[in-house]
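Here is how the chains run, residue by residue.
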Amino acid sequence: MKKTAIITGAARGIGAAVALRLASDGFNVALNDLDEAGLAETAEACKKHGAKAEIYTADVSNYAACETMVKKIKEDLGTVDVLVNNAGITRDGLLARMSEENYDLVISVNQKSIFNMMKHCLAIMMKQRSGRVINLSSVAGLHGNAGQFNYSASKAAVIGMTKSAAKEFGARGICVNAIAPGFIQTPMTEALTDEQKAAILNLIAMKRYGTAEEIAGLVSFLAGKDSGYITGQVIEISGGLTI
Ligand code: NAP
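Now for a quick tour of the structure. (Residues numbered from 1 in each chain as written. Predicted model: local features only at pLDDT ≥ 70, side-chain atom pairs only at ≥ 80, totals over all residues. Heavy atoms only, no water.)

Once that is clear, we can look at unusual backbone geometry. In this structure, Arg129 is a non-glycine residue whose phi angle is positive, near 60°. Structurally, Arg129 can be placed in the loop between helix H4 (100-128) and strand E5 (131-136). Positioned with a positive phi, Lys207 is a non-glycine residue whose angle comes to about 55°. The topology assignment puts Lys207 in the loop between helix H8 (194-203) and helix H9 (212-223). (Helix = DSSP H or I, 4+ residues; strand = E, 2+ residues; numbered from the N terminus.)

Spelled out as C-alpha cells, the structure:
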C-alpha cells in the first residue's frame, strides 16, 4: 500500500513542486490550499505519476478546519505518513508601521497552522509509531530580516516547535525537521521590487535564486528512507546566502 503525504499550500510555488516530487517518489498525496483551481492543477499533475491525489480546501490557521480535514484524509487515503507544513504568507513592513492585523494574520497562518496540523496528524502517527513532519521555516527565522518582523517571528517559532516536537515524538519513531530556504523563485518572491531582487542576488554566494524543485528534493530526502535518523534539525537551503 502506498504511503500518504499531506502537503499544505499545494496550489502553487514550493507546495506544488513538493506534491509533484512526493507523488513521483510513490506517495499518495493529500493536497491542501485555499485556492481550489490551483489545487486541481497540482492534483492532475500528481496523478500522472500514478498517485492518488485528493484535494482539501481549508484554512490551515483554523483549528477546527484542520481537525476535520485530517480526519477526512485518514478516511480517504488510509494513513498519514508524511506531513509537509508549507502554507505560508508574508505581510511585510517595518515594525514601526506594522498593523496589529498584519502581525496577527502572519502569526496565525504561518505559526498556529503548524500547531493545528501537527496536533491532529501526530495523533495518527503516534498510533502507527512512524511518521515524518517537515516544516517550512526560513532564513528569516534563523537570522531575522528588516521589514519582516512578523514573518521572522513566525518562522523562528516554527524552529522551536520543530525541536520540541522532535523531542516529544522521537521515541515513537517520528522524525520532525525544518527547512530554512533563502530566496526561492515563486509567486511569494515575485512580489519583491527589482531593486530588492538585485540587492538580494548580490548577497547569495551562488548568485541565483533557488527553485521550488530544489526545495522539493530536500523534502523528498527528509520524507524518504535514507533520513530515518535525522530529527530536530533545521536545514538551510539558500545557495550560501548566510555564510
Ligand atoms: P506561495 O507561492 O505564496 O504559496 C503559498 C501557498 O500557500 C499559496 O498557494 C497560498 O494560497 C497558500 N496559503 C496561504 N494561506 C493559506 C491558508 N491559510 N491555508 C491554506 N493555504 C494557504 O509561497 P512559496 O514561496 O511557495 O512558499 C511556501 C513556503 O515556503 C511558505 O511557508 C514560505 O514562508 C516558505 N518560504 C519561501 C521562501 C521563498 O523564497 N519563496 C523562502 C523561505 C521560506 P492562496 O494563494 O490561496 O493564498
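Next, the rest of the story.
Bringing the site of the ligand into the picture now. Taken together, the neighbourhood of the ligand is formed by 30 residues, with Arg12, Asp33, Asn86, Tyr151 and Thr186 sitting nearest. The side chain of Tyr151 places a nitrogen or oxygen atom 2.6 Å from an oxygen atom of the ligand. Separating an oxygen atom of the ligand from a side-chain N or O atom of Thr186 is a distance of 2.5 Å. Protein burial of the ligand: of its 890 Å² of free accessible surface, 92% is covered by the chains. Those elements that place two or more of their residues in the shell around the ligand are helix H1 (13-25), strand E2 (28-33), helix H6 (149-169) and helix H7 (187-190). In terms of residue count, H7 provides more of the shell around the ligand than any other element does, three residues in total. Of the residues assigned to the shell around the ligand, the class counts are 15 nonpolar, ten polar and five charged. (Near = heavy atom within 4 Å. Polar contact = N/O pair within 3.5 Å; in protein donor to acceptor, adjacent residues only side chain to side chain. Areas by Shrake-Rupley, 256 points an atom, 1.4 Å probe, with all protein chains shown as cover. Nonpolar A, V, L, I, M, F, W, Y, C, P; charged D, E, K, R; others polar.)

Note that all results are geometric; they support no functional claim without further evidence.
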